2 protein chains.
Amino acid sequence: MSLVAIKNQVAGLFKRSNSDEHLARLEEPLRNNQTPYGSMNDEERDRAQDAMAEEAIISASKNMGNDDDDENEGGFWNRFDPRVMSDIIIGLSDGLTVPFALTAGLSSLGDSKLVITGGMAELVSGAISMGLGGFLAAKSESEYYHNQVKKEKLGFFKRPEAVNQEAAEVLFEIGVSEQTIASFLKDLDTTPKNLIDFVIRFGKGLEEPAEGREFTSALTIGLAYFLGGFVPLLPYFFCSVVKTGLIVSVIVMIVTLFIFGYIKTSVSLGEDCGVHKKFIEGFQMVLTGSVAAGAAWSLVFLIDN
Amino acid sequence: MSLVAIKNQVAGLFKRSNSDEHLARLEEPLRNNQTPYGSMNDEERDRAQDAMAEEAIISASKNMGNDDDDENEGGFWNRFDPRVMSDIIIGLSDGLTVPFALTAGLSSLGDSKLVITGGMAELVSGAISMGLGGFLAAKSESEYYHNQVKKEKLGFFKRPEAVNQEAAEVLFEIGVSEQTIASFLKDLDTTPKNLIDFVIRFGKGLEEPAEGREFTSALTIGLAYFLGGFVPLLPYFFCSVVKTGLIVSVIVMIVTLFIFGYIKTSVSLGEDCGVHKKFIEGFQMVLTGSVAAGAAWSLVFLIDN
């Protein structure tokens, strides 16, 4: 990055967002449920609504089937499977902080070999606990989902009106008219599978879990924890004086945590979230790691003396 | 619990669920999108559909406003705030396994004081990392949500047809007819706030985060981790021989992990999930903790010898 680019990015951190002001001006009409059409008589409004609905339906039906366009847009990180990226982030978030803090704490006892032994024990404990624990949790989450689907299906054959009622409640809450609800229910009456899906997804807020990914997911999280936790441990292998090991470990981790926080933000919020946000998240990761490491070091120092 | 009750519960573990067979028989018609009405001519079917839709709407409108009835039903654990319970579960899940495994590993070095020092360092590291890390993550999640809402609102005033199109896409996917979509969009045209809410909740799958709970949530998770991690550490305070400490710690943790897994299932799946499921989850927690502790102990033993 050139110096000018860095300067521009840092300057961007302090600029007030224009869209905030724009939004503030728009909040008021939205609160009063005003539409952007301006004043119209009833007939004009009716025609405008019809035209808009028709247009929306045509565009929507054109757009169906290539729904995953959005995901391929944007930055470098979107080229990877988002579920794998999310697993790596989960593993690294813990793996970069807890083992760092623990090894920093143990270093206060003044024995490099002890730091390495304790650190390795922590890496194995954490990786297995997160990996195996995550695997079993994902399994039971998926079981829960299928149980709910089963319940809903059985319920549909026992009392189809109950499922209809649940769907109607969801639509009522949104503020849809009774007439629309009636035609909605009639539409889905010929496809009960879709009706049940609708109630489960939007009424109960349950998403279908990714089937068969439990094992890969657990392995990814566990490995990410292990590899992340290895970073702060590495300097102690090469420094015979434990204090030097600690200092190198702290420097390495400040850089690593910042980079991780920065990249994590790009991945989870997309490239368009702004450099400002990424910098803040980077600093927050450094803060979390430093506070934990500082507290662990101080505690061990107090116990030991 | 009486002996008979225990016997019945254990017997229940091996009974094949009746509802599974029932479901298998029903899956077939559902796959073919058959309705439970049996055979009817078009007019009869139309009348039946109308009657059912009307009934569903009447029941739904009666049921609105007392939506939280469901949550007060069921077991003992539902009396507590589910968000607090969920935070406690998150904290305990890690707090009961990682510190247990680490202290078991360190005990292999044969020094009780070292186990306590290392264990305390781990508790502080983990509690701060989970608490502070969770706090910052919740903050940025809430920021992300409000950013998305802002984007959607700005987008609505710039191009209201885009929001309409997104809503239409959601409905299309469910399999609703164009006519219903048109009347849906017309209904919500007078309440753009609801339309935007619909797109954010059902189109983008974002739920409004609990505002102002970040701090309480972080504190609860951190405290639960700390207290959970204290359980396996406690025996080492009272046993001068580290091997005795390890044995007591393992026994205490097998019981604790089982109880935690059992209660966790009651809380997250509700009392009606069956004793079978709760037993399995209890054993799975014991398994996770034991594997992690065994691996950590073996590793430290190998490094030390």
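Sequence positions are assigned chain by chain, starting from 1 and proceeding in written order. Each chain takes a letter, starting from A, and each ligand takes a number, starting from 1, following the order in which they are written. pLDDT decides what is reported in this predicted model: residues at 70 or higher carry local features, side-chain atom pairs at 80 or more are listed and counted, and totals for whole chains, interfaces and linings draw on all residues regardless. Side-chain measures were taken over the full set of non-hydrogen atoms in the model, leaving aside hydrogen atoms and water.

**Student:** Looking at this model, I keep getting lost on the overall build of chain A. Mind explaining?
**Tutor:** Secondary structure follows DSSP: runs of H or I at least 4 residues long count as helices, runs of E at least 2 residues long count as strands, and numbering of each begins at the N terminus. Along its length, chain A carries 13 helices and 0 strands. Going residue by residue from the N terminus, the α and β elements of chain A occur as α-α-α-α-α-α-α-α-α-α-α-α-α. Split into buried and exposed, the 305 residues of chain A put 44% on the buried side. Taking contacts inside chain A between residues at least 6 apart in sequence as the whole, the part at least 24 apart equals 72%. In this description, accessible areas are obtained by the Shrake-Rupley approach with a 1.4 Å probe, and a residue is regarded as covered only by the protein chains that are shown. Of the accessible surface of chain A, which amounts to about 15,400 Å², a share of 59% is contributed by carbon and sulfur atoms. The buried label goes to any residue with under 20% of its type's maximum accessible area, the exposed label to any with over 50%, and the partly exposed label to all in between, with areas taken from a 1.4 Å probe on protein chains only. Working rule for contacts: check all heavy atoms of both residues, and any pair within 4.5 Å makes them a contact.

**Student:** Quick question: what am I supposed to make of the UniProt feature "transmembrane region" (unreviewed entry) in chain A here?
**Tutor:** All names here are of chain A. UniProt positions are given in the numbering used here, feature names are shortened, and annotations may be inferred rather than shown by experiment. The residues that UniProt annotates with the feature "transmembrane region" (unreviewed entry) are residues 218–238, 245–263 and 283–303. Secondary structure content for residues 218–238 is 100% helix and 0% strand, while the C-alpha to C-alpha distance between its ends is 31 Å. The span residues 245–263 is 100% helix and 0% strand, and its two end C-alpha atoms sit 26 Å from each other.

**Student:** What's the story with the packing of aromatic side chains in this structure? I'm lost.
**Tutor:** Aromatic ring pairs are described here by two measures, namely the spacing of the ring centres and the angle between the planes. By convention, a stacked pair of Phe, Tyr or Trp rings (six-membered ring in the case of Trp) has centres within 6.5 Å and planes under 30 degrees apart, an edge-to-face pair has planes over 60 apart, and any other such pair is tilted. Tallying each qualifying case throughout the model produces 18 aromatic pairs over all chains. An aromatic cluster is present here, built from F258(A), Y262(A), F279(A) and F283(A) joined pairwise through their rings.

**Student:** Is there a simple way to think about empty space enclosed by the protein in this case?
**Tutor:** Empty space among the atoms becomes visible once a probe the size of a water molecule is rolled across them. Points on a 1 Å grid, built from protein atoms alone, make a cavity when a 1.4 Å probe fits but cannot get out and make a pocket when they are open with protein on both sides within 12 Å along at least 5 of 7 lines; residues with an atom within 4 Å of a point are the lining residues. Grid points are joined across faces, edges and corners, and a volume is the space filled by probe spheres set on the points. Under the criterion given, the structure shown has 3 cavities of 30 Å³ or more. Considered as a void within the structure, the largest cavity measures approximately 60 Å³ in volume.

**Student:** When you look at the environment of G175(B) in this model, what are you seeing that I'm missing?
**Tutor:** Relative to the elements of secondary structure, G175(B) occurs in the loop between helix 8 (160–174) and helix 9 (178–189). Look at G175(B) and you get partly exposed, because its relative accessible area is 35%. Discounting residues that sit within four places of it in the chain, G175(B) has contacts with L188(A) and N194(A).

**Student:** Where do I start with the nonpolar core in this structure?
**Tutor:** Note on soluble globular proteins: their nonpolar side chains tend to be buried together. Note on terminology: a nonpolar core comprises buried Ala, Val, Leu, Ile, Met, Phe, Trp, Tyr and Cys residues joined through side-chain atoms within 4.5 Å. Counting residues in hydrophobic clusters, the biggest one holds 58 residues, and the most contacted among them are Y236(A), L257(A), Y236(B) and L257(B). What L257(B) contacts, discounting residues up to four positions off in sequence, is L96(B), T97(B), F100(B), G282(B), M285(B), V286(B) and G289(B). Of all hydrophobic cores here, the second largest spans 50 residues; its members include F157(A), I196(A), V199(A) and V199(B).

**Student:** Can you walk me through helix 7 (residues 112–158) of chain B in this structure?
**Tutor:** Because each turn of an α-helix spans 3.6 residues, side chains separated by three or four positions in sequence point in the same direction. Expected span of a helix: the number of residues minus one, times 1.5 Å. For helix 7 of chain B, with 47 residues, the first-to-last C-alpha span of 67 Å sits near the 69 Å given by 1.5 Å per residue. Within 3.5 Å is the distance limit for a polar contact, defined as a pair of N or O atoms, with the added protein rule that one can donate a hydrogen and the other accept it, and that residues adjacent in sequence qualify only through two side-chain atoms. Where helix 7 of chain B begins, the side chain of D111(B) points an oxygen toward the backbone nitrogen of K113(B), at a separation of 3.0 Å.

**Student:** Where do I start with the environment of G245(A) in this structure?
**Tutor:** All names here are of chain A. Along the chain, G245 turns up in helix 12 (residues 242–269). Sequence spacing of G245 and L233 is 12 residues, and the spatial spacing of their C-alpha atoms is 8.7 Å. Apart from the residues within four sequence positions on either side, G245 is in contact with P235, Y236 and C239.

**Student:** Looking at this structure, I do not really get the packing of helix 9 (residues 178–189) of chain A against helix 9 of chain B. What am I missing?
**Tutor:** Packed helix pairs are characterised by how far apart their axes lie and by the angle those axes make with each other. Close contact between helix 9 of chain A and helix 9 of chain B brings their axes to 9 Å; oriented N to C, the two are set at 150°. By the criterion of interaxial angle, the relationship of helix 9 of chain A to helix 9 of chain B is roughly antiparallel. Note on packing geometry: the crossing formed by helix 9 of chain A with helix 9 of chain B is left-handed. Packed against helix 9 of chain A, whose contacting residues are T180(A), S183(A), F184(A) and D187(A), the element helix 9 of chain B presents T180(B), S183(B), F184(B) and D187(B) at the interface. For this classification, the nonpolar set comprises Ala, Val, Leu, Ile, Met, Phe, Trp, Tyr, Cys and Pro, the charged set comprises Asp, Glu, Lys and Arg, and every other residue, Gly included, is treated as polar. For the contact of helix 9 of chain A with helix 9 of chain B, the residue count by class is 2 nonpolar, 4 polar and 2 charged. Lines fitted to C-alpha atoms define the axes, with helix axes restricted to the stretch in contact, and inter-axis angles between N-to-C directions lie between 0 and 180 degrees. Should an angle fall under 35 degrees it is called roughly parallel, over 145 degrees roughly antiparallel, and 65 to 115 degrees roughly perpendicular, with every other angle called oblique. We call a crossing left-handed when the near helix sits turned anticlockwise from the far one by less than a right angle, and right-handed when that turn is clockwise.

**Student:** Which parts of the structure should I look at to understand the side chain of T265(B)?
**Tutor:** Residue and element names in this part refer to chain B. Along the chain, T265 falls in helix 12 (residues 242–269). Here G261 takes part through its backbone oxygen, which lies 2.6 Å from a polar atom of the side chain of T265. Here T265 is in contact with G270, C273, K277, K278 and E281, once residues within four sequence places are set aside.

**Student:** Just checking my understanding: could you explain the layout of surface pockets for this structure?
**Tutor:** The space that makes up the second largest pocket amounts to roughly 260 Å³. Forming the boundary of the second largest pocket are Y145(A), N194(A), D197(A), F198(A), I200(A), R201(A), F202(A), E207(A), E208(A), E173(B) and I174(B). Among the elements of the structure, helix 10 (192–203) of chain A together with helix 8 of chain B are those that each provide at least two residues to the lining of the second largest pocket. Looking at the lining of the second largest pocket element by element, the count peaks at 6 residues for helix 10 of chain A. Residue classes in the lining of the second largest pocket are distributed as 5 nonpolar, 1 polar and 5 charged.

**Student:** How should a nonpolar patch on the surface be read in this particular structure?
**Tutor:** Patch definition: residues above 30% relative accessible area lacking any salt bridge, with like charges linked at up to 9 Å and the nonpolar side chains Val, Leu, Ile, Met, Phe, Trp and Tyr linked at up to 5 Å. The rule for a salt bridge is simple: a side-chain nitrogen of Lys or Arg has to be within 4 Å of a carboxyl oxygen of Asp or Glu. A cluster of nonpolar side chains, contributed by F215(A), L219(A), L223(A) and L227(A), occupies part of the molecular surface with about 440 Å² of accessible area. Tracing the backbone shows L219(A) in helix 11 (residues 214–238).

**Student:** Just checking my understanding: could you explain the environment of L96(B) for this structure?
**Tutor:** All names here are of chain B. Among the secondary structure elements, L96 is positioned in the loop between helix 5 (82–95) and helix 6 (98–107). The class for L96 is buried, based on a relative accessible area of 2%. Dropping the residues within four chain positions of it, L96 is found in contact with G228, M253, T256, L257 and F260.

**Student:** Is there a simple way to think about the pattern of salt bridges in this case?
**Tutor:** Any two side chains of opposite charge can pair, on the condition that their charged atoms come close. All names here are of chain B. Scanning all chains against the criterion turns up 4 salt bridges over all chains. K277 is paired through a salt bridge with E281; the nearest N and O atoms lie 3.4 Å apart. Placement of the pair is K277 and E281 together in helix 13 (residues 275–304), with a separation of 4 residues, close to one helical turn. Under the relative-accessibility criterion, E281 is labelled buried at 6%.

**Student:** So what exactly am I meant to see when it comes to the confidence of the model for chain A here?
**Tutor:** The predicted coordinates of low-pLDDT regions are not to be read in fine detail. All names here are of chain A. Summarising the model, chain A shows a mean pLDDT of 78, and 78% of its residues fall at 70 or more. No element of chain A has a lower mean pLDDT than helix 4 (residues 69–72), at 45, and none a higher one than helix 6 (residues 98–107), at 93. In the model, residues 6–17 has pLDDT below 50 throughout and makes 10 contacts with residues more than four positions away in sequence or in other chains. Counting interchain partners and residues more than four positions distant, the pLDDT-below-50 stretch residues 67–73 has 4 contacts. Note on scores: pLDDT gives the predictor's confidence for each residue, bounded by 0 and 100.

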